[in-house]
Structure formats: C-alpha cells, structure tokens
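Observations on the three-dimensional arrangement
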Amino acid sequence: MQRRLILLATTATVAFAGSAFAQAYPNKAITIVVPFAAGGPTDLMARIVGEHMGKELGQQIIIDNTTGAAGTIAVGKVARAAPDGYTISIGHIGTHVANGLIYKNLNYDLLTDLAPIARLPSNPMLVATSNQVPAKDLKELVAYLNHNPDKVSGGTAGMGSGSHLGALAFFTATKAKYQLVPYRGTGPAVQDLIANQIQIMVDQSSNSLPHVRAGKIKAYAVTAVARSPAMPDIPTAAEAGYPGMEVAIWHGLWAPKGTPPEIVARLNAAAIATLTNAEVRRRLEDLGQDLPTPEQMAPAAFAAFHRAEFVKWKPIIEAANVKIE
Ligand code: MLT
C-alpha cells in the first residue's frame, strides 16, 4: 500500500512538473528548422510565419536552414530533438509526405515521430522558364522541349521535393521531358533560372512570382484548377492545353513526438493568430498562397489531413517509380 502511495505521489509530481514546465513555456528562443536553403519558398514561409508567431509567443524565432537530401536531414534533426517545444520542423507535402514514400532508409517515421502543430498555407506552382527560351505559351514550350531534348535542364530541390513533384506532374501531363538538376533549395535554383544556367522550373508561386512580375523569368501556366487572384493573367495548365497538372504545395509545422499537448496547443494558437492577422494574410495571399481555416489548422485536423495525404500520394509516387534505397 505504502509503495502504491509513493508511486502515485511520484506520478503526480512528474505530471505537475510537466504542466509547470508547459505553463512557463516559452522562456527562451524557439528554433524552426527549415529543410531548404535560405531565400526559397519554405524559408520564406518560415520567416513570414515565424516573425509573427514570435510576437505572439513573446520570444525570438530562430531560423535554422539545415539543407541537403531533399530535406530529410532537417526533418530527422527535429524528430530526434528534445520534445520541449524549442525545436520545431517546418515542411511541406514533399518533405513530410513524398519523402516518406520515396526514401526507404529514413531514420524517422513522418507519421509517428512528429506531433502535428498546425497546417500552414498552400500555393500552386508556376511553369516558368528563363527569358532565353523562345516560347510564347505552354504549347510552344512543350514543342521546344520536344525539339531540344538534351539542351534543356530544370532545377529541383532534390528527389521528393515540391519542385520535383511539380516536374513529375509536368512530365505526366505534357509527355515532354527535361534533365533534372538538384539544388539545396529552389531559392538558389531560381537565381540560376534567371541567369539561364538552367532553363525551366515548376516551382511554388511564392518563389517564382516576384521574378515573373519583375520580368526576370517567364511564366506559362499555374498548376491550379482555377486562376489565382494574385496572378490573374497566368492561365491554368488546363486552359493552356494540358489538364492533369494540378498540384499545390501545402506547408505545416511539427514538433518532436512526446511534446506536451499544452505546448503543442500554445504553438497552434500562435500559428492561428498569425494566419488570421490581416498583414500576414496580405503578404501570403500576394504570393499566391491559399490560407487554411483555423479549423483546418487544429492539430487533430492537420494530423488527419497529413495521414490522408500519404494515402493519396502513395499510388502516384509508385506509378512514377521514384525510389531511393
Ligand atoms: C524550397 O524551400 O527550396 C522548396 O520548398 C523546395 C522544394 O520543395 O521544391
């Protein structure tokens, strides 16, 4: 009996210490681990969202760009981090779904080693080329690729990245091909596109659109079912003659598994406050981002969405036969 009482007392002490720890949270800077290079779309999302979340949480948000291997190094870093809410992962459909289906040797499980915090915005992709490519529309671009099969290369952020999924959707819908060149993120890749070191990219609108607006690259189509209010002059791929290219890159935030639910809830509330802030919304929508509702951002709803995305993408990745052992 006495032993049981001591055990109960110990359990209660641990629970109290855990909740006191959660109540004191956050009392130091929080690191968001970005799986791609600075200056690209995931980095931009982390900086826009992180800046406002930091204000909501009363702490600085540090951005840690841990690049390489299509984001798998960064996600593994968070999966193995202390579950205390001070190291969290930002990623997207590529890093947190496609990689789990493509890379067979991951040392973490995307569905069980991470605790979903909040779903973040989603943006379509733009089919864009350097200004040197002499095509005026998507049909001419496809004809150009077919006539120059070995001359055209396109940037991606590696196997399984969003830009790789975009390229696969382009190949499937147009039956055209180009050589894929892997980068540590599409921030550096778009600079090479501007310089015509590579000729084509299918990348997130948040990364390409500012350069299209500045006349530094050309956009042919958006991979969405409808035109975006942020870029009303750019036709959908279906309008431009190639249906079946629809792909949107949704983002999210995750903590390591075992993070106290109170801390996940605190981070979730900060994320919701961020995406309901008018100025943050304006900045994201200007880049073509679609914002999730607060209901879609709830941890349980996001977890269900994340699991459903695995089910949706499994046959697509298998059909594309993209595998890395
Ligand atoms: C990036 O931040 O560089 C991109 O999200 C990479 C990608 O997935 O294409």
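About the cut-offs
Residues numbered from 1 in each chain as written. Predicted model: local features only at pLDDT ≥ 70, side-chain atom pairs only at ≥ 80, totals over all residues. Heavy atoms only, no water. Core = buried A, V, L, I, M, F, W, Y, C linked by side-chain atoms within 4.5 Å. Buried < 20%, exposed > 50% of the residue type's maximum accessible area, 1.4 Å probe, protein only. Helix = DSSP H or I, 4+ residues; strand = E, 2+ residues; numbered from the N terminus. Domains from an automatic or database assignment. Contact = heavy atoms within 4.5 Å. Salt bridge = Lys/Arg side-chain N within 4 Å of Asp/Glu carboxyl O. Buried area = accessible area lost by both parts, 1.4 Å probe. Near = heavy atom within 4 Å. Polar contact = N/O pair within 3.5 Å; in protein donor to acceptor, adjacent residues only side chain to side chain. Areas by Shrake-Rupley, 256 points an atom, 1.4 Å probe, with all protein chains shown as cover. 1 Å grid on protein atoms, 1.4 Å probe; cavity = no way out; pocket = protein on both sides within 12 Å on 5 of 7 lines; lining within 4 Å. Sits in = over half its atoms within 2 Å of the grid points. Nonpolar A, V, L, I, M, F, W, Y, C, P; charged D, E, K, R; others polar. Axes fitted to C-alpha atoms, helices over the stretch in contact; angles between N-to-C directions. Parallel < 35°, antiparallel > 145°, perpendicular 65-115°, else oblique. Left-handed = near helix turned anticlockwise from the far one by under 90°.

All right, on to the nonpolar core then. Judged by nonpolar contacts, the single largest core of 51 residues is most densely connected at Val127, Leu138, Leu141, Phe170, Tyr178 and Met245. Here this core gets seven residues from one element, more than from any other, and that element is helix H6 (residues 162-174). Two domains each provide a minimum of three residues to this core, namely domain 1 (2-122 + 249-320) and domain 2 (124-222). Filtering out sequence-adjacent residues up to four positions away, Val127 remains in contact with Leu138, Leu141, Phe170, Met201, Val202, Lys218, Ala219, Tyr220, Ala221 and Met245.

So, on to the pattern of salt bridges. Per the stated rule, a full pass over the model turns up 11 salt bridges. The closest approach of N and O atoms between Asp286 and Arg213, which form a salt bridge, is 3.3 Å. Of this pair, Asp286 sits in helix H10 (residues 278-286) while Arg213 sits in helix H8 (residues 205-213), and the two are 73 residues apart along the sequence. In this structure Arg213 comes out as partly exposed when scored by relative accessible area, which is 43%. For Arg282, the salt bridge identified is with Glu279, shortest N-O distance 3.0 Å. Highlighted residues: Arg282 and Glu279, both in helix H10, separated by three residues, approximately one helical turn.

What follows deals with the domain arrangement of the protein chain. In terms of domains, the protein chain is made up of domain 1 (2-122 + 249-320) and domain 2 (124-222). Measuring from the centre of the C-alpha atoms in domain 1 to the corresponding centre in domain 2 gives 29 Å. Residue-level contacts link 28 residues of domain 1 with 23 residues of domain 2. Taking both partners together, domain 1 and domain 2 bury about 1700 Å²; carbon and sulfur atoms supply 62% of that area. The three residues of domain 1 that bury the most area against domain 2 are Pro41, Ile249 and Leu287, which together make up 30% of that side's buried surface.

A word on the site of the ligand. Close contacts around the ligand come from Phe36, Pro41, Thr42, His92, Ala157, Ser161, Gly162, Ser163, Gly185, Thr186 and Gln204, and that covers them all. His92 places a polar side-chain atom, nitrogen or oxygen, 2.7 Å from an oxygen atom of the ligand. For the ligand, whose accessible area on its own is 270 Å², the fraction buried by protein is 100%. Comparing atom positions with the cavity grids shows the ligand to sit within the largest cavity. Elements with a minimum of two residues in the shell around the ligand: helix H2 (41-57) and H6. Looking at the shell around the ligand, its residues break down into three nonpolar, eight polar and no charged. Two domains each provide a minimum of three residues to the shell around the ligand, namely domain 1 (2-122 + 249-320) and domain 2 (124-222).

Moving on to the environment of Ser205. Note on placement: Ser205 falls in helix H8. Its relative accessible area of 0% is what places Ser205 among the buried residues. Remark: the alpha-carbon pair of Ser205 and Val222, spanning 17 residues in sequence, is separated by 8.1 Å. Excluding residues within four positions of it along the chain, Ser205 makes contact with Asn123, Pro124, Met125, Leu126, Pro210, Met231, Leu287 and Gly288.

This brings us to the packing of helix H4 (residues 93-102) against helix H12 (residues 299-320). Where H4 contacts H12, the two axes come as close as 9 Å, and the packing angle between them is 50 degrees. Considering the angle they form, H4 stands oblique to H12. Here the hand of the crossing between H4 and H12 comes out right-handed. Along its contact with H4, which presents Ile93, His96, Val97, Ala98, Gly100, Leu101 and Ile102, the element H12 presents His306, Glu309, Phe310, Trp313, Lys314 and Ile317. Of the residues belonging to the contact of H4 with H12, the class tally is eight nonpolar, three polar and two charged.

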